[in-house]
Amino acid sequence: MQSGTSQVAGARVIYPAHPGGIRAPGPESPQHLLSSSGRKRAAPPSLFTFVHARQCLLFQSCGRKREEVNVPNRRVLITGATGLLGRAVYKEFKQNNWHAFGCGFRRARPKFEQVNLLDSEAVHHIIHDFQPHVIVHCAAERRPDVVENQPDAASQLNVDASGNLAKEAALIGAFLIYISSDYVFDGTNPPYREEDVPSPLNLYGKTKLEGEKAVLENNLGAAVLRIPVLYGEVEKLEESAVTVMFDKVQFSNKSANMDHWQQRFPTHVKDVATVCRQLAEKRMLDPSIKGTFHWSGNEQMTKYEMACAIADAFNLPSSHLRPITDRPVVGAQRPRNAQLDCTKLETLGIGQRTPFRIGIKESLWPFLIDKRWRQTVFH
């Protein structure tokens, strides 16, 4: 296998070869591509070239001699890279010597490429231009109540787009990791192993399960990674069902009802990101790494218990928080306890877990209303 080279902003970029002898495209790539109808159409300069120009920042100042830059020889494409999990996955791969390329939709620019995953032709070109070794599919409609109210749009993203992505990944031999959910189970008989029969209670769980099937039907070498409720370094508190409770915790002058019925296992996004990277790296050495996997934090808590733990982490009062032990009657139906058995990944030596108290403190301190608490929390 030979690597390709091209000129980008005055520097010579060495493109590493793709497995199977496929060379990453550069500016010398054919400037005509087949459309979905089979006709040739003019193509813009390779997206891969733009990625290197933007992300590698290869410049040649006046008078300097040309520099030769080696690009990391492992390429990963992350969908939903603007979201809570996607940002963590992008960061994890990038910090571990992968050439990471993220795409998003509404919040994509300027850091990531804007791609509509429902546009099959756009998806085809981005994958075939970048030639990733690995694709981590984080993009999804993950809010159960939104899925109930917008079932068609949710199904298009969670099912149809996932199946198409799997098909495109298979065409170039890329390893696809599809992010799924513990909500594929009904929560009546935990803990759940990968081979247990799913039985989702709500439409969100059903679309994620249908997405799993679409992925594995279109790509026999793909992986499904089921995970529970996530938290991490949010851009706004509403990004996570865990962090969204922080305002109720902080406003101690007003009592707040907190669910104390559903058992959850809050999981830090950086731990899931590490699992994705480790899974990808193990797969590059072992083709048998495929199929369904589970990962989860191991601290069982209701929302009420999470809220109390958050209050304790920041030395805030919690007496205004009221536990509600009745099953919720508003919104999409939730499983009571969909605990995931993670033995399969643990046996492979994959995984890490951030203690909830440590992770939640790292995630929420920027949102402290009373900044004086920072002195007591961190000093």
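Residues numbered from 1 in each chain as written. Predicted model: local features only at pLDDT ≥ 70, side-chain atom pairs only at ≥ 80, totals over all residues. Heavy atoms only, no water.

Brief notes about the overall build of the protein
- In terms of regular secondary structure, the protein is built from twelve helices and 16 strands.
- A separation threshold of at least 6 residues defines the contact pool for the protein, and within that pool the share at least 24 residues apart is 75%.
- Of the accessible surface of the protein, which amounts to about 18,000 Å², a share of 50% is contributed by carbon and sulfur atoms. (Helix = DSSP H or I, 4+ residues; strand = E, 2+ residues; numbered from the N terminus. Contact = heavy atoms within 4.5 Å. Areas by Shrake-Rupley, 256 points an atom, 1.4 Å probe, with all protein chains shown as cover.)

Observations concerning the packing of helix α2 (residues 84–94) against helix α8 (residues 269–285)
- At a minimum axis separation of 8 Å, α2 and α8 run at an interaxial angle of 50°. Taken together, α2 and α8 sit at an angle that is classed as oblique. Judged by the twist between their axes, the crossing of α2 over α8 is right-handed. On the side of α2, the interface is formed by Leu84, Leu85, Ala88, Val89, Glu92 and Phe93, while α8 contributes Val269, Lys270, Val272, Ala273, Thr274, Cys276, Arg277 and Ala280.
- For the contact of α2 with α8, a count of residues per class yields ten nonpolar, one polar and three charged. (Axes fitted to C-alpha atoms, helices over the stretch in contact; angles between N-to-C directions. Parallel < 35°, antiparallel > 145°, perpendicular 65-115°, else oblique. Left-handed = near helix turned anticlockwise from the far one by under 90°. Nonpolar A, V, L, I, M, F, W, Y, C, P; charged D, E, K, R; others polar.)

Quick word on the nonpolar core
- By size, the foremost hydrophobic cluster in this structure holds 37 residues, and its most contacted members are Ile78, Leu85, Phe93, Val136, Ile179, Leu225 and Leu279.
- Counting residues per element, the ones that place at least two in this core are β6 (75–79), α2, β9 (134–137), β10 (175–181), β11 (223–227) and α8.
- If you tally residues by element for this core, the top one is α8, at seven residues.
- Among all residues touching Leu225, those that are not within four sequence positions of it are Ile177, Tyr178, Ile179, Ser180, Val272, Val275, Cys276, Phe293, His294, Trp295 and Leu345. (Core = buried A, V, L, I, M, F, W, Y, C linked by side-chain atoms within 4.5 Å. Buried < 20%, exposed > 50% of the residue type's maximum accessible area, 1.4 Å probe, protein only.)

A few points about unusual backbone geometry
- Residue Pro191 follows Pro190 across a cis peptide bond; omega there is -5°.
- Residue position: Pro191 is located in the loop between β10 and α6 (203–218).
- With phi around 50°, Gln131 is a residue other than glycine that occupies positive phi space.
- Following the sequence through the fold, Gln131 ends up in the loop between α3 (120–130) and β9.
- Here Gln131 falls in the buried class, since its relative accessible area comes to 7%.

Topic: the pattern of salt bridges
- Applying the stated criterion across every chain yields a total of twelve salt bridges.
- The residue Arg277 makes a salt bridge to Glu92 at a minimum N-O spacing of 2.5 Å. Taken together, the residues span a long stretch of sequence, with Arg277 in helix α8 and Glu92 in helix α2 at a distance of 185 residues.
- Arg277 sits in the buried class, given a relative accessible area of 12%.
- Glu92 gets classed as buried once you look at its relative accessible area, which sits at 13%.
- The closest approach of N and O atoms between Arg334 and Asp145, which form a salt bridge, is 3.1 Å. (Salt bridge = Lys/Arg side-chain N within 4 Å of Asp/Glu carboxyl O.)

Considering the environment of Ala169
- With respect to the helices, strands and loops of the structure, Ala169 is situated in helix α5 (residues 151–172).
- Taking the C-alpha atoms as reference, Ala169 lies 7.5 Å from Asn219; in sequence the two are 50 residues apart.
- For Ala169, the contacting residues outside a window of four places in its chain are Ile135, Ala174, Leu176 and Asn219.

Side note on α2
- Within α2, nine of the eleven residues are buried, which leaves it mostly tucked inside the rest of the structure.
- Considered for burial, the residues of α2 that qualify are Leu84, Leu85, Gly86, Arg87, Ala88, Val89, Tyr90, Glu92 and Phe93.

As for the confidence of the model for the protein
- Per-residue confidence for the protein gives a mean pLDDT of 84, with 78% of residues at or over 70.
- Below a pLDDT of 50 lies the segment residues 1–17, which in the model reaches 69 contacts outside its immediate sequence neighbourhood of four places, other chains included.
- Contacts of residues 19–69 to residues separated by more than four positions or lying in other chains number 110 contacts, the stretch itself having pLDDT below 50. (pLDDT = per-residue confidence, 0-100.)

Comments concerning α3
- Among the residues making up α3, those that are buried are Val123, His125, Ile126, Ile127, Asp129 and Phe130.
- N-cap assignment for α3: the residue whose side-chain oxygen lies 3.2 Å from the backbone N of Glu121 is Asp119.
- Remark: Gln131 follows α3 within two positions and exhibits a positive phi of approximately 50°. (Polar contact = N/O pair within 3.5 Å; in protein donor to acceptor, adjacent residues only side chain to side chain.)

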